[in-house]
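# Architecture at a glance
Each chain is listed here by its residues.
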Amino acid sequence: MGCSVTTQAGDSAGAGDAGSGGRVAAIGPVTLGAEQRAELVRRSGAVAGRLGAAGVTMVALCWIDNSGIARVKSIPLGRLERAAGWGVGMSPVFDVFLVNDDITTSKYIGGPDGDLRLVPDLDRIAVLAGQPGWALAPVDRYTQEGRRYAGCQRSFARRMTGEALEHGLTARVSFEIEWALGMEDDGRFVPACAGPAYGMTRVIELSDYGREVVGALERQGIVVEQFHPEYAAGQLEVSVATSDPVGAADESVLVRQTIRAVSARFGFQVSFAPSVVAGSVGNGGHVHLSIWRDGKNVLAGGPGRHGLTSDGEAFAGGILASLPALTAVGAPSVASYLRLVPSHWAGAYQCWGQENREAALRLVTGSSGEHDVRANLEVKCFDLAANPYLVVGSLIAAGLDGLRSGATLPPETSGDPVGIAAGDLADPDARRLPQSLAEAAGHLERSAVLRGAMGEPLFEAFLAVRKAETELFSGVSPDDIVARTRWRW
């Protein structure tokens, strides 16, 4: 039982293909000087022409805040040239918005002062198949002086991708997307289908809907690996091909917004929340990550356990060691800890294992004969309340720390760690991950690795939101937590 039994997605996530129709997120300028602005304005003309030919009249400029909420400002297509060169204004206070739209503050960010510029990534603008006439553009955020904003999560992901490249490493990433489809009736979630878990009945019940979701994604250039029913009531999952870290985060956002738009056209509501019904299996946001050096997958072909190379083991060891702090990044909501429970395939224990779906870090080796392209790490304890840019950046930071320190992996865990915790097996390395947001935030606050990687402004703002959301839901029952967060993601 659990919230994910994907195997094909896990295998394909290690592939060294381009994914996403071959698109790779550009690095982008560190500063926007006159030369950089002129180049962006020049390029925007061709992009606007392509969008106009596709019937686009509006462009949504989208970023993800520290509560995992997709925030947006929209412009008419005719304003794309101006936005490409000079950006669109937005207050930095959104970095301290809570999941319910309350506002906190932090050491460096907060309050009514200041302004930022949202600059669309022209290479990643997508015509939205689920919203005729619209396109979606991920943005990088700059100061009014043209410098990259220290609190920009997407820039953090870019920077960590660059640091990996400095070590001779490239990463391939994909996110599993799980969602619950249905409606709300008097505070209760009513699923859109009645068929059994993983059952063909659900596919028949939602045949037109499923076909349209996949079709819309493919029309946007996304390579869909799988679409299938999941375990919980009304729960579905889609898995897509890998991309570079920033591109994978962009696609995680694009996939979810497409699913949301298609669902609305069918009269459904959609929830990507970690917990949709208290006490039931929730939605995961598992991350698949493979690491490559000189065109070779460092998670395969080596002399270590299951073919790990020394670099592959060190990278994995760094992630495993930082998992308690990483949990605050990848499972960042109070609702996350209603999902992150043992024996639900949620990865509630800080351990690793080959193809072990109860371990927080699963080594996916793939089938015989394709280990070299399919081997990857699956981080199972994460969910879709997370900001995907922070997720990929933080995972790379932890892995690089393991590489620098020569980290090794402890003995692997076989079977359900609950048995270990109960004393059935002697394995002190299988420790329970944080059981509350407050506990996870404490680990994060003490993490020199993640603080140093994010930088103080971003780290302090993210931590302030975690602490404020902990206080916001203090003493609130699981049912009420779910009711107040079900439709926020």
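Relevant structure appears above.
Sequence order sets the numbering: in each chain, residues are counted from 1 along the sequence as written. Owing to the predicted nature of the model, reporting of local features is limited to residues with pLDDT of at least 70; listing and counting of side-chain atom pairs is limited to 80 or more, with chain, interface and lining totals taken over all residues. Only heavy atoms go into the side-chain values, all of them from the structure, while hydrogens and water stay out.

Right, let's talk about the pattern of salt bridges for a bit. Basic side-chain nitrogens of Lys or Arg form a salt bridge, by our definition, when they fall within 4 Å of a carboxyl oxygen of Asp or Glu. This model, assessed by the stated rule, comprises 27 salt bridges. With a shortest N-O distance of 3.1 Å, Arg154 and Asp140 are connected by a salt bridge. One end of the pair, Arg154, is in helix α4 (residues 153-166); the other, Asp140, is in strand β6 (residues 134-143), and 14 residues separate them in sequence. Residue class for Arg154 comes out buried when judged on its relative accessible area of 2%. For every residue, the accessible area obtained with a 1.4 Å probe (protein chains only) is divided by the maximum for its type, and the residue is called buried under 20%, exposed over 50%, and partly exposed between those limits. For Asp140, a relative accessible area of 5% puts it in the buried group. Put simply, Arg451 and Glu460 hold a salt bridge, and the shortest N to O gap is 2.8 Å. The buried category is assigned to Glu460, whose relative accessible area is 17%. One salt-bridge network, held together by shared partners, links Asp121, Arg124, Asp140, Arg154, Arg158, Asp250 and Glu251. Helix numbering and strand numbering both begin at the N terminus, where a helix is a DSSP run of H or I of at least 4 residues and a strand a DSSP run of E of at least 2.

The next point concerns the nonpolar core. Definition used in this section: a nonpolar core is a set of buried Ala, Val, Leu, Ile, Met, Phe, Trp, Tyr and Cys residues joined via side-chain atoms within 4.5 Å. Ile177, Trp179, Tyr209, Ile259, Ile319 and Leu323 are the most contacted members of the largest nonpolar core, which totals 109 residues. Here, two residues are considered to be in contact whenever any of their heavy atoms come within 4.5 Å of each other. Not counting residues up to four positions away in its chain, the partners in contact with Leu323 are Gln350, Ala360, Val379, Cys381 and Leu433.

Right, let's talk about the side chain of Gln153 for a bit. Turning to its location among the elements, Gln153 is positioned in helix α4. We classify Gln153 as buried; its relative accessible area is 2%. One polar contact links Gln153 to Asp95, side chain to side chain, over a distance of 3.3 Å. Sequence-distant contacts of Gln153, that is, excluding residues within four places in its chain, are made with Ile64, Asp65, Asn66, Asp95, Arg141, Asn387, Tyr389, Leu390 and Leu458. The term polar contact refers here to a pair of N or O atoms within 3.5 Å; inside protein, the definition further demands a hydrogen-donor-capable atom paired with an acceptor-capable atom, and it admits residues adjacent in sequence only when both atoms are side-chain atoms.

That is the geometry; function is a separate question.
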